[in-house]
Amino acid sequence: MAANQECKLQLVRDHIRPFPDFPKKGILFRDICPILKDPAALTAVIDLFEEQVRRNYQNVDLIVGLDARGFLFGPLLAQRLGVGFVLVRKKGKLPGTTVSVAYDLEYGKSEAEIQDDSVAPGQKVLLIDDLLATGGTLFAACELMRKQQAEVLGCMVVIELKELNGKDKLKPHSLFSLVQY
């Protein structure tokens, strides 16, 4: 890896703040707020994502961001790439006709949705979020794209919690993560 990329990755790592026992005892929460607060760290995240996309996915049509932190990184990346950005929201948050998919959470069930005209059949999409844990939400977003007959090129996250094996749930889709714990 180039020295410049490693410097950017280190800057990102240095701006991820751990919070033990949040939101409940036994969980180590990885907070991205310091990344958002620091222009250099935020630029490093978008630079690294952009490099990955330009190297591997030159034919991407849309960046699809997951509610809500995917909305922080996705539009910046989409703008850099000159492509559109699409929202995947929790059910009931989007106006107009929507397409939804139900999925399991560690603590129950949820639904994700997109506006039915936001992704056309055959469009090539990359999904983006801040963190991959068990993979439920990203998997649901992949299912939404399948329903819309879009081609998922891959998934991208700032942080991957490897011990939770969320990457396995996303197969056959690829995952690119900047930082792994």
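For the structure itself, consult the block above.
Residues numbered from 1 in each chain as written. Predicted model: local features only at pLDDT ≥ 70, side-chain atom pairs only at ≥ 80, totals over all residues. Heavy atoms only, no water.

Here's the deal with the packing of aromatic side chains
Aromatic ring pairs: the centre-centre distance and the angle between the two ring planes describe each pair. Summed over all chains, the structure comprises three aromatic pairs. Summarising the aromatic geometry, the rings of Phe-49 and Phe-176 are spaced 6.2 Å apart at their centres and angled 65° between planes, so their arrangement reads as edge-to-face. Of this pair, Phe-49 sits in helix H3 (residues 39-56) while Phe-176 sits in strand E9 (residues 175-180), placing them 127 residues apart in sequence. Comparing Phe-49 with Phe-176 shows no difference in burial state: the two are buried. Ring centres of Phe-71 and Phe-85 lie 6.4 Å apart, and the angle between their planes is 90°; this geometry places the pair in the edge-to-face category. One end of the pair, Phe-71, is in helix H4 (residues 70-81); the other, Phe-85, is in strand E4 (residues 84-90), with 14 residues separating them in the sequence. Owing to a relative accessible area of 25%, Phe-85 belongs among the partly exposed residues under this scheme. In this structure, Arg-30 is placed above the aromatic ring of Tyr-181, and the distance from its NZ or CZ to the ring centre is 3.5 Å. (Phe/Tyr/Trp six-rings, centres within 6.5 Å; stacked < 30°, edge-to-face > 60°. Helix = DSSP H or I, 4+ residues; strand = E, 2+ residues; numbered from the N terminus. Buried < 20%, exposed > 50% of the residue type's maximum accessible area, 1.4 Å probe, protein only. Lys NZ or Arg CZ within 6 Å of the ring centre and 35° of its normal.)

Here's the deal with the packing of H3 against H4
Packing of H3 against H4 leaves a shortest axis separation of 10 Å and a crossing angle of 55°. By the criterion of interaxial angle, the relationship of H3 to H4 is oblique. H4 is crossed by H3, and the crossing has right-handed handedness. Residue-level inspection shows Leu-42, Thr-43, Val-45, Ile-46, Asp-47, Phe-49, Glu-50, Val-53 and Arg-54 of H3 in contact with H4, the latter providing Phe-73, Leu-76, Leu-77, Arg-80 and Leu-81. When the residues that make up the contact of H3 with H4 are grouped by side-chain class, the tally is nine nonpolar, one polar and four charged. (Axes fitted to C-alpha atoms, helices over the stretch in contact; angles between N-to-C directions. Parallel < 35°, antiparallel > 145°, perpendicular 65-115°, else oblique. Left-handed = near helix turned anticlockwise from the far one by under 90°. Contact = heavy atoms within 4.5 Å. Nonpolar A, V, L, I, M, F, W, Y, C, P; charged D, E, K, R; others polar.)

With respect to H4
The end-to-end C-alpha separation of H4 is 16 Å, in line with the 16 Å expected for 12 residues at 1.5 Å each. For H4, the complete set of buried residues consists of Gly-70, Phe-73, Gly-74, Leu-77, Ala-78 and Leu-81. An end-on view of H4 places all buried positions within 130° of arc, on one side of the element. Among the structural elements, helix H2 (33-37), H3, strand E3 (62-66), E4, strand E7 (124-132) and strand E8 (151-160) are those in contact with the buried residues of H4. In the segment just after H4, Gly-82 is the residue with positive phi, at about 75°. (Expected span 1.5 Å × (residues − 1). Arc of directions from axis to C-beta.)

Some details on unusual backbone geometry
Here Asp-67 and Ala-68 are connected by a cis peptide whose omega angle stands at 0°. In this fold, Ala-68 is placed in the loop between E3 and H4. A positive phi angle, close to 60°, is found at Asp-21, a residue other than glycine. Along the chain, the position of Asp-21 falls in the loop between strand E1 (17-20) and strand E2 (28-31).

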